[in-house]
Amino acid sequence: MTSAMRKLSISVPPDVAERLERESNASAYITQAVRDRMRLDALDAELAHQGIQITEQGVAEARARRAAVEADWSPERRRALRERARHHEVDATGAVDQPAA
């Protein structure tokens, strides 16, 4: 059984429109992006409920630490981790996503 769908008309900036025009199924692409954001929002809410506040400064510091660690990774390690993440996504959703550019 398929779930009910609603048709929406949205306005987007030209760069976003150009990106969506390259997708074979822009609706699915947008749906996945919104669901990803909903999961992040739910995580933020749960962290806040547990007393953990996410700040822009904290995110910037975490990104800088991650970049410092990743700078030492070999190309082989990067490929292996990308492949591992891709397999995890397939296991979680049952669908194969396109590799990130």
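The shown structure was predicted, so the numbers you read here are calculated from the model rather than taken from an experiment. Throughout, residues of each chain are indexed from 1 in the direction in which the sequence is written. Confidence filtering applies because this is a predicted model: local features only for residues at pLDDT of at least 70, side-chain atom pairs given and counted only at 80 or more, and all residues used for totals across whole chains, interfaces and linings. Each side-chain value is worked out from all heavy atoms of the structure, with water and hydrogens disregarded.

Undergrad: Which residues make up the overall build of the protein, and what values do they have?
TA: Along its length, the protein carries four helices and zero strands. For the protein, the sequential pattern of α-helices and β-strands runs α-α-α-α. Exposure is judged per residue with a 1.4 Å probe applied to protein chains only, and the accessible area is read against the type maximum: over 50% gives exposed, under 20% gives buried, and values in between give partly exposed. For the protein, the residues scored as buried account for 2% of the 101 residues in total. The method behind every accessible area is Shrake-Rupley, applied with a 1.4 Å probe, and residues are considered shielded solely by the protein chains displayed. When the accessible surface of the protein is totalled, it reaches about 9,500 Å², and 55% of it is carbon and sulfur. The numbering of helices and of strands both runs from the N terminus, where a helix is a DSSP run of H or I of at least 4 residues and a strand a run of E of at least 2.

Undergrad: An account of a nonpolar patch on the surface is requested, with residue identities and associated values reported.
TA: On the surface, L8, I10, V12, V16, Y29, I30, V34 and M38 cluster together to form a nonpolar patch covering roughly 690 Å² of accessible area. When residues of the nonpolar patch are assigned to their parent elements, the largest contribution, four residues, is made by helix 2 (residues 26–49). Of note, L8 is situated in the segment before helix 1 (14–21). Given a relative accessible area of 64%, L8 falls into the exposed group. Patch definition: residues above 30% relative accessible area lacking any salt bridge, with like charges linked at up to 9 Å and the nonpolar side chains Val, Leu, Ile, Met, Phe, Trp and Tyr linked at up to 5 Å. Take a side-chain nitrogen of Lys or Arg and a carboxyl oxygen of Asp or Glu: if they are within 4 Å of each other, that pair is a salt bridge.

Undergrad: Summarise the pattern of salt bridges; cite the residues concerned and give the values.
TA: All told, the structure shown has six salt bridges when counted by the stated rule. For R66, the salt bridge identified is with E70, shortest N-O distance 2.6 Å. Of the two residues, R66 and E70 both sit in helix 3 (residues 56–70), four residues apart, roughly one turn of that helix. You can call E70 buried: its relative accessible area is 18%. The shortest N-O distance in the salt bridge between E83 and R86 comes to 2.9 Å. Placement of the pair is E83 and R86 together in helix 4 (residues 75–93), with a separation of three residues, close to one helical turn. For R86, a relative accessible area of 27% corresponds to the partly exposed category.

Undergrad: Quick one: what's the story with helix 2, residue by residue and with numbers?
TA: By definition here, a helix of n residues has an expected span of 1.5 Å times n minus one. Compared with the 34 Å implied by 1.5 Å per residue over 24 residues, the 34 Å span of helix 2 between its first and last C-alpha is a close match. Polar contact criterion, stated in full: a pair of N or O atoms within 3.5 Å, where within protein one must be able to donate a hydrogen and the other to accept it, and residues adjacent in sequence count only if both atoms are side-chain atoms. In this structure N25 caps helix 2, since a side-chain oxygen of it lies 3.3 Å from the backbone nitrogen of S27. In the stretch just after helix 2, G51 is the one whose phi turns positive, near 90°.

Undergrad: Describe the confidence of the model for the protein, naming the residues involved and giving the relevant values.
TA: Looking at the protein as a whole, its pLDDT mean stands at 89, while 88% of the residues score no less than 70. Per-residue pLDDT, averaged within each element of the protein, yields its smallest value for helix 4 (85) and its largest for helix 1 (97). pLDDT expresses, on a scale from 0 to 100, how confident the predictor is about each individual residue.

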